[in-house]
Amino acid sequence: MKKIIIGILMVVSVQVHAQWTGTWAAAAEFTGPGDMPASTLANRSLREIIHVSIGGSELRLKLSNEFSKEPVEIRSLYIADALEGWEIQTKTAKFVTFGGKKNVTIEPGKALYSDVIKYSLKPLQRLSITINYGEGVPVNATSHRGSRTTSYIIPGISKPKSNFAEGEKVDHWYNIAALEVKGDAPCIAVLGNSITDGRGSTTNKQNRWPDFLAEALNGQVGVLNLGIGGNSVVEGGLSEPASKRFDRDILQQSGVNTLIIFQGVNDIGNSRHVEQTTNRLVNAYERFIKEAKEKGMKVFLATITPFKGNGYYSFYHEAARQYVNNWIRKCEKVDGIIDFDELVRDPNDPEQLLKKYSEDGLHLTPAGYEAMGNYAALLIEE
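Residues numbered from 1 in each chain as written. Predicted model: local features only at pLDDT ≥ 70, side-chain atom pairs only at ≥ 80, totals over all residues. Heavy atoms only, no water.

## What about the nonpolar core?
Stated precisely, the cut-off is as follows: What is meant by a nonpolar core is a set of buried Ala, Val, Leu, Ile, Met, Phe, Trp, Tyr and Cys residues, joined one to another through side-chain atoms within 4.5 Å. Buried means the residue's accessible area, taken with a 1.4 Å probe over protein chains only, is under 20% of the maximum for its type, while exposed means over 50%, and partly exposed covers the values in between. Only heavy atoms matter for contacts: two residues are in contact if any of them lie within 4.5 Å across the pair.
Counting 67 residues, the largest nonpolar core has Trp209 and Leu213 as the members making the most contacts within it. Filtering out sequence-adjacent residues up to four positions away, leucine 213 remains in contact with Ile188, Val223, Ile260, Gly373, Ala376, Ala377 and Ile380. Counting 35 residues, the second largest nonpolar core, distinct from the first, contains Leu46, Val52, Leu112 and Val170.

## Examining the sheet that holds strand β14 (residues 173-174)
Defined as follows: Think of it this way: DSSP has to see at least two bridges between two strands before they count as a pair. What counts as a helix is a DSSP run of H or I of at least four residues, what counts as a strand is a run of E of at least two, and both are numbered from the N terminus.
Strand order in the open sheet formed by three strands is β2-β11-β14, and the pairing between neighbours is antiparallel. Looking at strand neighbours, the two that pair on one side only are β2 (29-30) and β14, the edges of this open sheet. As paired elements, strand β11 (residues 142-144) and β14 share two bridges and run antiparallel to each other. Of the residues in β14, the one forming a bridge with serine 143 is tyrosine 174.

## Brief notes about the packing of aromatic side chains
Stated formally: Classification of ring pairs uses Phe, Tyr and Trp, with its six-membered ring standing for Trp, and accepts pairs whose centres are within 6.5 Å; under 30 degrees between planes counts as stacked, over 60 as edge-to-face, and the remaining range as tilted.
Summed over all chains, the structure comprises 12 aromatic pairs. Relative to phenylalanine 288, the ring of phenylalanine 246 lies with its centre 4.3 Å away and its plane at 15°, an arrangement referred to as stacked. Here phenylalanine 288 lies in helix α6 (residues 274-294) and phenylalanine 246 lies in helix α4 (residues 242-251), a separation of 42 residues in the sequence. The class of phenylalanine 288 is buried, set by a relative accessible area of 0%.

## Thoughts on the sheet that holds strand β19 (residues 298-302)
Convention followed: In this description, a line fitted to the C-alpha atoms serves as the axis of each element, helices being fitted only across the stretch in contact, and the angle between N-to-C directions of two axes falls anywhere from 0 to 180 degrees.
Pairing within the open sheet is parallel, and its five strands lie in the order β17-β16-β18-β19-β20. The two strands at the open ends of the sheet, each matched to only one other strand, are β17 (222-227) and β20 (336-338). Averaged over all adjacent pairs, the angle separating strand axes in this sheet is 20°, with direction ignored. Pairing between strand β18 (residues 258-262) and β19: four bridges, direction parallel. Bridge pairing in β19 places threonine 258 opposite lysine 298. Strands β16 (187-192), β18, β19 and β20 of the sheet are contacted by helix α9 (residues 366-381), whose axis makes an angle of about 170° with β20.

## Some details on the pattern of salt bridges
The test is simple: Any Lys or Arg side-chain nitrogen found within 4 Å of a carboxyl oxygen on Asp or Glu counts as a salt bridge.
According to the stated counting rule, one finds 21 salt bridges in the structure shown. Between lysine 333 and glutamate 286 there is a salt bridge whose closest N-O contact spans 3.4 Å. A residue pair is termed long-range when its members are at least 10 positions apart, and lysine 333 in the loop between α7 (315-330) and β20 and glutamate 286 in helix α6 qualify at 47 residues. Residues joined by salt bridges that share partners form a network here, namely Glu318, Arg321, Arg329, Asp339, Asp341 and Arg345.

## Observations concerning the environment of alanine 93
Along the chain, alanine 93 falls in the loop between β5 (72-81) and β6 (94-95). The spatial distance from the C-alpha of alanine 93 to the C-alpha of isoleucine 129 is 9.5 Å, given a sequence separation of 36 residues. Other than its neighbours up to four places away in sequence, alanine 93 contacts Tyr78, Ile79, Ala80 and Pro160.

## Considering the packing of α4 against α6
As a reminder, the rule being used: Should an angle fall under 35 degrees it is taken as roughly parallel, and over 145 as roughly antiparallel, whereas 65 to 115 is taken as roughly perpendicular and any remaining angle as oblique. A crossing counts as left-handed when the near helix is turned anticlockwise from the far one by less than a right angle, and as right-handed when that turn is clockwise. As a working rule, the residues Ala, Val, Leu, Ile, Met, Phe, Trp, Tyr, Cys and Pro are called nonpolar, Asp, Glu, Lys and Arg charged, and the rest polar, with Gly in that last group.
Look at α4 against α6: their axes get within 11 Å of each other, and the N-to-C directions meet at 20°. Classified by the angle their axes make, α4 and α6 are roughly parallel. For the pair α4 and α6, the sense of crossing is right-handed. Residues Ala242, Ser243, Phe246 and Leu251 of α4 form the contact with α6, whose participating residues are Arg287, Phe288, Glu291 and Ala292. Here the contact of α4 with α6 is composed, by residue class, of five nonpolar, one polar and two charged.

## Quick word on α6
For the record, the criterion: Each helix should span, by expectation, one fewer than its residue count multiplied by 1.5 Å. Think of the arc as the fan of directions from the helix axis to the C-beta atoms.
Between its terminal C-alpha atoms α6 stretches 30 Å, which fits the 30 Å expected from 21 residues at 1.5 Å a residue. All of the buried residues along α6 are Thr277, Thr278, Leu281, Val282, Ala284, Tyr285, Phe288, Ile289 and Ala292. Across the axial projection of α6, the buried residues extend over an arc of 165°, all falling on one side. Opposite its buried face, α6 presents the exposed residues Glu275, Lys290 and Glu294, each directed more than 90 degrees away.

## Structural notes on α7
In this model, α7 (16 residues) spans 23 Å end to end at C-alpha, consistent with the 22 Å of a helix rising 1.5 Å per residue. Every buried residue of α7 is listed here: His317, Glu318, Ala320, Arg321, Val324, Asn325, Trp327 and Ile328. Turning to α7, the residues buried within the fold contact α5 (265-269), α6, β19, β20, α8 (340-344) and β22 (349-353).

Next comes the structure, spelled out in structure tokens:
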């Protein structure tokens, strides 16, 4: 009898200590008319593709309607291993339930999780998520604009064997916010802007720098890309500034034990009062560090990369970048510094990117992103 009781206690202990850990995430945004499909999402099927970091056998999917003013009606949703383009490995397809039902309605301003999904998710694989929408969809969906990945839309309710070849193509994600696996793998969240979101990377090639980071870590560490194109830390820019979205996009992610802060170039580049901007940036960094540490996270600060040759550049904006980078390099409140500036700058002109890494003077090429991802992995593993 004692052996049986001990065995039960061991099982309970495992269940208690198992946690949800993010394998993929995207920062949710309000969707303006220019980023909505040409067709409506109502009574249509949307197939979206994501690139995960860690694998697992138990998953849960988070859907968001947080930036919409109307409910979104979902008739059904299924996942499957992704092949090329819109195609999937149909034998892997599995319908997802919500409270035991295939259909769910997400109220405006809300997000929700699916039931636990039994699925053989492989590290670093591409996964398709197909949503069959009902009649009721918001005028402005909740999305992530910079997916760098094509989604496919066809009329009606799809099945795993449905053909999406003639469907509308959009390079945005709608309603999907996070995918999590049951397990205790470490997890990194990256707070960033378009350089993290992947501007300059290749659509459908998954070659943003956080993708390279996940690959360099051999799919053993969760990597969550919470970059938003055009996003600022303090104010201005596109979507909610990092100072406002930090709690939702970073602190509320599951299983995160490391934070990388790599943001600030849009604040500097758009600033008319650079001294005030640099002070506000430093104050924001200090707040992020404090709040992340309180959640038990390690924190890494990354230096701001060069932008000479881009419209952001001026003597005063460059001085602001140098000031912030010097502060970052001397910061003793963090667990490490990722000196992206030193890594990708031109040694003959340190105010600009190395030519082979420059897409437009500000954003990087896939080669630049590969260098960044591999470099960050080395520092985090130390």
